[in-house]
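Below, each chain spelled out in residue letters.
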Amino acid sequence: MSALAKAWAFLVKDFRIDLSYRLAFAGNLVFVLFLVSAFYFLAQMLQGQDLPALRPYGGSYFPFVLTGVAFSSYLGVAVRTFADTIRSAQVMGTLEALLVTPTPVGQIVVFSSLYAFLATSLRVVLTLAVGALFFGVRFPGANWGGAVLVLALSVVAFSFLGVFSAAVVLAFKRADPSAGLVQGLSYLLGGVYYPVAVLPDWAQLIAQALPITHALEAVRRLLLAGASLAEASGPILGLLVFTAVAGPLSLTLFWLAVRRVRRDGSLSQF
Amino acid sequence: MPQRGRAALPARRRAIDPRSPGAPPAIELVGVAKRFTQPRPWAEILRHPFARKRVQALEGIDLRVLRGGVTGLLGPNGSGKTTLLRVLATSLLPDQGEVRVLGLDALRAPHEVRRRVGVVLSDERSFYWRLTGAQNLVFFAALQGLDRRRARARVAELGALLGLGGELHKPFRNLSTGWRHRMALARALLADPPVLLMDEPTAGLDPAAAERARRLLRERLAGELAKTVLVASHNLDEVREVCDRVALLHQGRLRLEGPAAEALPRAAEWFAAQAGEEPA
């Protein structure tokens, strides 16, 4: 049976479990409406002001923050979901049952996270749709194809942070403190709520080491300024460099963590 | 070749199944050893930061289980039974020794071994409680490599074999302990593996449910389906009822093994002696 069919089995299983918590499922959808509304009113406060830092993105705050909030949710899910998957399987007791099947551990971790990514994608679409339908946001000349491509690359880059975090959880049975640090720094310095250009020089330097800075810069250029992929090549290159460095490192650490728990017998401990 | 602890064992290699002495073994362990590092209190870590407190879970285990029949892995709590099953299930790497299942090296080809071994875990939490039994089984069938159509057919087949009936379609959280045990057995049988590893298969069951489980094991799994079953248990009566062969583990070492009729009285004596040595 193909890996695709196994991935589908994980998706169906996680969707059913999510759906069984009906209130939380509905609550997530309503939350998007509240969130977008809050940023709309914040943007209203800034309406009519000339903000130089926003000029490269069309000059208006609401589309800027809407894209920031929507796409940064991928970072949140990528950093957390792999580790959460491992942790909840350890606590629930399903981890050992999964790992005694012939499905490789890498597939189990990646497929366990698919639903979270799919749900996030729906939330991103919903966020943008609420912005467009209820609050009149338009994306004239947006390069949607390029944005999807950058998004795919961003998810891979963010996921390596998540794989690193999962390795820590697997080995030490505790949430990885560095995941919270990266997430916090990303929201503070990565340009989610305000352009990186407003930060002091030293903070802008740190921001360049964060994948979200490059991801949001590229997505905004493509969606808000209608740039081509070539015109957004700077931040895309930044994402590629991050991926090339973080990928092998996090995968090696994860492999070592799996080996460690198989050696010390702590697979199902938490 | 690992040698640790082997001096404590009789030198000859023992064949477990008397019915087919020439058959290649279903399970073969040679010189298997496993030590666990124990956590230490902070005061001790500060006094001896580089020291390690280790517990020998398995030592020099040599064991051959030929195909077919039920072998009981007997031993008191903490004797190494579950550790041995986990080594065979490939979820735990031994420190030393060789592990082969149906001739496959479990250390080099764990995925191949997992295709051929069904594991009945004693932990009820190993299911998704928000899903029904059938939904759980179809999911685990996919991980075993069955496509959706075959998975559903197999779940229905196992439902009939194990008498799961309408329980299959109830949320797992609403099932009694007995039904959960059967679901665990159904999960282990999804890929129709020739070898079954069962950890305390009747733990927590009432006497009637435990008897049904034993009958199922003896008549259906080992009888009709001709599976090779290795059952870890500390229950002498249970082992007497279902097992053809018995191996006794204590403090990680194999103390005795042989046909149930011969080995069980010795195992019973051994248990009685142990109980006599320990304060009430």
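The rules behind these values
- Residues numbered from 1 in each chain as written.
- Chains lettered and ligands numbered in written order.
- Predicted model: local features only at pLDDT ≥ 70, side-chain atom pairs only at ≥ 80, totals over all residues.
- Helix = DSSP H or I, 4+ residues; strand = E, 2+ residues; numbered from the N terminus.
- Rg over C-alpha atoms; globule rule 2.2 N^0.38 Å.
- Buried ≥ 20, exposed ≤ 12 C-beta atoms within 10 Å, placed from the backbone.
- Contact = placed C-beta atoms within 7 Å.
- Nonpolar A, V, L, I, M, F, W, Y, C, P; charged D, E, K, R; others polar.
- Pairing = 2+ DSSP bridges.
- Axes fitted to C-alpha atoms, helices over the stretch in contact; angles between N-to-C directions.
- Expected span 1.5 Å × (residues − 1).
- Bend = angle between axes of the 7 residues up to and from the residue.
- Parallel < 35°, antiparallel > 145°, perpendicular 65-115°, else oblique.
- Left-handed = near helix turned anticlockwise from the far one by under 90°.
- pLDDT = per-residue confidence, 0-100.
- Arc of directions from axis to C-beta.
- Core = buried A, V, L, I, M, F, W, Y, C linked by C-beta atoms within 7 Å.

## Describing the overall build of chain A
A count of helical and extended segments in chain A gives ten helices and zero strands. Ordering the α and β elements of chain A from the N terminus gives α-α-α-α-α-α-α-α-α-α. Over its C-alpha trace chain A gives a radius of gyration of 20 Å, about what one expects of a compact globule, namely 18 Å for 270 residues. Oriented by its inertia axes, the alpha-carbon framework of chain A measures out at about 60 × 40 × 30 Å. Looking at chain A residue by residue over its 270 residues, the buried ones come to 42%. Sequence separation of at least 24 residues holds for 80% of the intrachain contacts in chain A that already meet a minimum separation of 6.

## A closer look at the interface of chain B and chain A
Chain B puts 27 residues into the contact, and the matching count from chain A is 25 residues. Where the side of chain B that touches chain A is concerned, the elements lending two or more residues are β1 (25-38), α3 (110-116) and α4 (133-143) of chain B. With five residues, α4(B) is the single largest residue contributor to the side of chain B that touches chain A. The residue makeup of the side of chain B that touches chain A, split by class, is 13 nonpolar, seven polar and seven charged.

## Focus: unusual backbone geometry
Trans is the prevailing form of peptide bonds, just as negative phi is the prevailing case for residues other than glycine. Residue and element names in this part refer to chain B. You will see that L102, though not glycine, has its phi angle at about 50 degrees, which is positive. Mapped onto the secondary structure, L102 falls in the loop between β4 (96-101) and β5 (104-105). Judged by C-beta crowding, with 20 C-beta atoms within 10 Å, L102 ranks as buried.

## Some details on the sheet that holds strand β9 (residues 245-250) of chain B
Residue and element names in this part refer to chain B. Taken in spatial order, the six strands line up as β6-β7-β8-β3-β9-β10 in an open sheet, and their pairing is mixed. Edge positions in the open sheet fall to β6 (117-120) and β10 (253-259), since each of these has one partner strand only. On average, each strand axis in the sheet is tilted by 15 degrees relative to the strand beside it, whichever way the strands run. With four bridges joining them, β6 and strand β7 (residues 195-199) adopt parallel strand pairing.

## A short note on the environment of W255(A)
Residue and element names in this part refer to chain A. Tracing the backbone through its elements, the reader meets W255 in helix α10 (residues 233-264). By the C-beta count within 10 Å, which is 13 here, W255 ends up partly exposed. Sequence separation of W255 and V105 is 150 residues, and the distance between their C-alpha atoms is 9.3 Å.

## Thoughts on helix α3 (residues 61-92) of chain A
Residue and element names in this part refer to chain A. A rise of 1.5 Å per residue sets the reference length of α3, with its 32 residues, at 46 Å; its end C-alpha atoms lie 43 Å apart and thus fit the reference within 8%. In α3, a bend of some 35 degrees at T81 exceeds every other bend along the element. The buried fraction of α3 is high, at 26 of 32 residues. The first or second residue beyond α3 is G93, which carries a positive phi of 95 degrees.

## Overview of the packing of helix α1 (residues 3-20) of chain A against α4(B)
A pair of packed helices can be characterised by two numbers: the angle between their axes and the separation between those axes. Contact geometry for α1(A) and α4(B): axes closest at 9 Å, N-to-C directions at 155 degrees. Comparing the axis directions of α1(A) and α4(B) gives the class roughly antiparallel. Crossing handedness for the pair α1(A) and α4(B): left-handed. Contacts from A5(A), K6(A), A9(A), K13(A) and R16(A) in α1(A) reach Q135(B), F139(B), A142(B) and L143(B) in α4(B). For the contact of α1(A) with α4(B), the residue count by class is five nonpolar, one polar and three charged.

## What to know about the confidence of the model for chain A
A residue-level look at chain A finds 97% of positions with pLDDT of 70 or above and a mean pLDDT of 87. No element of chain A has a lower mean pLDDT than helix α2 (residues 22-46) of chain A, at 84, and none a higher one than helix α8 (residues 201-207) of chain A, at 93.

## Points about helix α5 (residues 148-161) of chain B
All names here are of chain B. Across its 14 residues, α5 extends 20 Å between first and last C-alpha, which sits within 8% of the 20 Å expected from 1.5 Å per residue. Along α5, the positions that sit buried rather than exposed are A151, R154, V155, L158 and G159. Taken around the axis of α5, the buried residues stretch over an arc of 140 degrees, which confines them to a single face. Opposite its buried face, α5 presents the exposed residues R149 and A160, each directed more than 90 degrees away.

## Let's talk about the sheet that holds β5(B)
The strands that make up a sheet pair up through hydrogen bonds in the backbone, lying either parallel or antiparallel. Residue and element names in this part refer to chain B. Pairing is antiparallel across the open sheet formed by four strands, whose spatial order is β2-β1-β4-β5. The outermost strands of the open sheet, each flanked by one partner alone, are β2 (53-66) and β5. With ten bridges joining them, β1 and β2 adopt antiparallel strand pairing. Bridge pairing in β2 links P25 to L66.

## As for the nonpolar core
Of all hydrophobic cores here, the largest spans 154 residues; its most connected members are A166(A), L88(B), L197(B) and V246(B). If one sorts the elements of this core by residue count, α3(A) sits on top with 16 residues. Setting aside anything within four residues of it in sequence, one finds A166(A) in contact with F82(A), A83(A), I86(A), V109(A) and F254(A).

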